[in-house]
Amino acid sequence: MIEFDLDQSDVRELNAALHNSDIAKNQSKWKVRNTKGRHAIAVGIDETLEMLIDGHVGYYCAGMNKHANITVNGHCGPGVAENMMSGTVRIKGNASQYAGATAHGGLLVIEGDASSRCGISMKGVDIVVKGNVGHMSAFMAQKGCLVVCGDAGDALGDSLYEARLYVRGKVASLGADCIEKPMKLEHKAELKELLKQANLSDINVDEFHRYGSARTLYNFNIDNVGAY
Amino acid sequence: MTQEENLNSWLKESATFPRHVIAEIQRAAKTGLYDIRGYGAKRHVPCFDDLLFLGASMSRYPLEGYREKCDTSVTIGTRFAKNPIELKIPITIAGMSFGALSAPAKEALGRGASEVGTSTTTGDGGMTPEERGHSSTLIYQLLPSRYGMNPDDLRKADAIEVVIGQGAKPGGGGMLLGQKISERVAGMRDLPQGIDQRSACRHPDWTGPDDLEIKILELREITDWQVPIYIKVGATRTYYDTMLAVKAGADAIVVDGMQGGTAATQDVFIEHVGIPILPAVRLAVEALTEMDMHRKVQLIVSGGIRSGADVAKALALGADAVAIGVAALIALGDNSPEYEEEYRKLGTSAGYYDDYQDGKDPVGISTQSEELAKRFDPILGGRKLANYLRVLTLETQTLARACGKSHVHNLEPEDMVALTLEAAAMAKVPLAGTNWIPGVTKL
């Protein structure tokens, strides 16, 4: 295992080592300590490795991650796992705004709450939040699934495209063009699998509601002017 | 006098309601839609035409045309990047997306730019293998939509351009209309085919310059501080935007004036938001100078650059390089009289075509129709663009030599005067024949 103490070395050294394929290919276990809210920790990884980040992190932790499985034993600042392509990012605490923004793939698990705009413009990632999500979550979300085991804030799924939203608790309000849709067997199966991957198999999929796009804003229509 | 001549002699057109205004009101009433179009602002605004160079004479020493060297090279990204960009000419190709443009058109931009040693830029929708393959220096745009954004392409780029806005629509997002969303474009953007694709007006994961500083840090960490990071803004509050971009850590700043083109924007936006590039250059240079960052953070300006005279004047005001968009498309063949008959079928004429949003471009440039795109030869198009870029460069050198400059960057405001009060005030050069700079010196 490689250990980085960010009191002894800086984030640049950590990321440089992670991007050095001679090092990263031969080291499958990584641990980072004394994070102290530093920004851009473990960004741009392109290797299959396991990383434990022990502590709170600042902005953009695990940004653009590919392949790596990263666990943050703490809270996260804005933009965790932004534009992630693959792999898994698991947050033991809460996540600030824009969690999983524009992410294309992989799995983001937030065991606490996520702030506003969780999954904004997501493009294929699956996000599972054990707690609540803030307002404008899944804004303009294109692909993938957002699973909220708690409540969702205002304007959930505003201007939604093809992403699927599953919410177990209350939804303060739905955004433009976001509607509740029937929870069919295929959706329950999909949700069950996502909860299993998130280590939340004990949660009953029957307690969830599904939300998706009404697709009325897909092509400009003057009759929808009130929604613009 | 014929009956028609007799009629024309007493008809008086309204200055407030000329025929094009009447036609727009009638069109709006009929459709209930605002006018969306491509191209840039069509109204007259103070521009580089309102400036003149003072060639050398008794007090200045000119350089010999065709003999004495007048260097045109420019280095961009010297502030933080390990690998700054080296360009042979100070004229770059602005960001234009695959989606807005056909794949062969993007290829031609890469071919033409590479032939003369300059850069081209991706645009919204991601990087295509064609443009990467044919562009020796490629700038990868990070836009609010993040369509097609991925770390592999990010690491293939020679520089990254964080787009805050563009001159045609500062403060506005974009919309690629469904008719241009082919299967390939849809796939690159992770959206269904045929639907309108909204490009957001704000970035999804930062909200202000303090956040942007951290975002840029992340981009540098992902790319190991190898490549320059530009920030592009539409020209509005340019002085402050430039200062904030420097503070956010930009290696280079791109300022796009209101004349800058677009693939699809509301006409009201194109014509009524933003400021011309003429005052914007000066404002950006003043901000950089005040921060002791002029020539340390490179300034690229765009928006209505057409000739070597425009290039030379932009450089003389303090820019390090310019970018061209609409002019590059025209060089490729956009609005060519060769297709006059087809332009007529679309209700327009060569020289007037601006419906880039419709995807029916007869020349095959601003389209995703395979049939139309096939008409466009990327090799020939690339050669035409290279020719045009060479002409711009020669013209710029001609003017610089006339002012006695051995490098085009040695041109300075002192080499110019203004023809109009407006241009004198905006560019802060004297009104021709006087020492008067309105707002700076007393008459």
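Residues numbered from 1 in each chain as written. Chains lettered and ligands numbered in written order. Predicted model: local features only at pLDDT ≥ 70, side-chain atom pairs only at ≥ 80, totals over all residues.

**Focus on the overall build of chain B**
Now for step 1: In terms of helices and strands, chain B carries 16 helices and 16 strands.
Now for step 2: Its C-alpha atoms give chain B a radius of gyration of 22 Å, within 12% of the compact-globule value 22 Å for 443 residues.
Now for step 3: Taken along the three principal axes of its C-alpha coordinates, chain B extends 70 × 60 × 45 Å.
Now for step 4: Looking at chain B as a whole, 55% of its 443 residues qualify as buried.
Now for step 5: Intrachain contacts of chain B at a sequence separation of at least 6 include 67% that bridge at least 24 residues. (Helix = DSSP H or I, 4+ residues; strand = E, 2+ residues; numbered from the N terminus. Rg over C-alpha atoms; globule rule 2.2 N^0.38 Å. Buried ≥ 20, exposed ≤ 12 C-beta atoms within 10 Å, placed from the backbone. Contact = placed C-beta atoms within 7 Å.)

**Description of the domain arrangement of chain A**
Now for step 1: Examined at the domain level, chain A breaks down into domain 1 (1–96) and domain 2 (126–215).
Now for step 2: Each of domain 1 of chain A and domain 2 of chain A has a C-alpha centre, and the two are 27 Å apart. (Domains from an automatic or database assignment.)

**A look at the sheet that holds strand E14 (residues 298–302) of chain B**
Residue and element names in this part refer to chain B.
Now for step 1: Spatial strand order, E5-E15-E14-E12-E11-E8-E7-E6: 8 strands in an open sheet with parallel pairing. The open sheet terminates on both sides in strands that have one partner only, identified here as strand E5 (91–93) and strand E6 (120–121).
Now for step 2: Of the strand pairs in this sheet, strand E8 (residues 159–163) and strand E11 (residues 229–234) are connected by 4 bridges, and their pairing is parallel. Among the inter-strand pairings, Val-163 is bridged to a residue of E11, identified as Lys-232. (Pairing = 2+ DSSP bridges.)

**A closer look at the interface of chain B and chain A**
Now for step 1: Taken residue by residue, the interface counts 22 residues in chain B and 37 residues in chain A.
Now for step 2: Per-element accounting of the side of chain B that touches chain A gives the leading share, 5 residues, to helix H7 (residues 209–222) of chain B.
Now for step 3: A per-class count over the side of chain B that touches chain A returns 11 nonpolar, 3 polar and 8 charged. (Nonpolar A, V, L, I, M, F, W, Y, C, P; charged D, E, K, R; others polar.)

**What about the packing of helix H8 (residues 238–247) of chain B against helix H10 (residues 277–290) of chain B?**
When two helices pack together, you describe them by how their axes are tilted relative to each other and by the distance separating the axes.
All names here are of chain B.
Now for step 1: The contact between H8 and H10 brings their axes to 8 Å, and the two run at 45°. If you check the angle between H8 and H10, you find them oblique. Here H8 and H10 pass one another in a crossing that is right-handed. Residues Thr-238, Tyr-239, Thr-242 and Met-243 of H8 pack against Ala-280, Leu-283, Ala-284, Glu-286, Ala-287 and Leu-288 of H10.
Now for step 2: Taken together, the residues of the contact of H8 with H10 sort by class into 7 nonpolar, 2 polar and 1 charged. (Axes fitted to C-alpha atoms, helices over the stretch in contact; angles between N-to-C directions. Parallel < 35°, antiparallel > 145°, perpendicular 65-115°, else oblique. Left-handed = near helix turned anticlockwise from the far one by under 90°.)

**Quick notes on the confidence of the model for chain B**
Now for step 1: For chain B, the mean per-residue pLDDT works out to 94, and 100% of the residues sit at or above 70.
Now for step 2: In the model output, the complex is listed with pTM 0.95 alongside ipTM 0.96. (pLDDT = per-residue confidence, 0-100.)

**Observations concerning the environment of Gln259(B)**
All names here are of chain B.
Now for step 1: With respect to the element layout, Gln-259 can be found in the loop between strand E12 (252–256) and strand E13 (262–266).
Now for step 2: Each C-alpha atom, one on Gln-259 and one on Pro-276, is 6.4 Å from the other, the two residues being 17 residues apart in sequence.
Now for step 3: Not counting residues up to four positions away in its chain, the partners in contact with Gln-259 are Gly-40, Ala-41, Val-45, Gly-167, Pro-276, Ile-277, Gly-303 and Gly-304.

**Things to note about the pairing of strand E2 (residues 29–33) of chain A**
All names here are of chain A.
Now for step 1: Of the two faces of E2, only the one carrying Trp-30 and Val-32 is buried; Lys-29, Lys-31 and Arg-33 on the other face are not.
Now for step 2: As judged from the 4 bridges shared by strand E1 (residues 2–5) and E2, these two strands associate in the parallel manner. Bridging from a neighbouring strand, Glu-3 pairs with Lys-31 of E2.
Now for step 3: As judged from the 5 bridges shared by E2 and strand E3 (residues 50–54), these two strands associate in the parallel manner. What sits directly across from Lys-31, in E3, is Leu-52.

**With respect to the sheet that holds E3(A)**
Residue and element names in this part refer to chain A.
Now for step 1: Pairing within the open sheet is mixed, and its 11 strands lie in the order E1-E2-E3-E4-E5-E6-E7-E8-E9-E11-E10. Edge strands, defined here as strands with exactly one partner in the open sheet, are E1 and strand E10 (178–181). Neighbour-to-neighbour, the strand axes of this sheet turn through a mean angle of 15°, independent of strand direction.
Now for step 2: Sheet strands in contact with helix H3 (residues 185–197) are strand E6 (107–110), strand E7 (123–129), strand E8 (143–148), strand E9 (164–167) and strand E11 (209–213), and its direction is about 70° off that of E8.

**Observations regarding the pairing of strand E5 (residues 88–91) of chain A**
All names here are of chain A.
Now for step 1: Of the two faces of E5, the one holding Thr-88 and Arg-90 and the one holding Val-89 and Ile-91 are both buried throughout.
Now for step 2: Note that strand E4 (residues 69–72) and E5 share 4 bridges and pair parallel. Its bridge partner lying in E5, Val-72 is registered against Ile-91.
Now for step 3: Here E5 pairs with E6 via 4 bridges, running parallel. Note on E6: the bridge partner recorded for Ile-91 is Ile-110.

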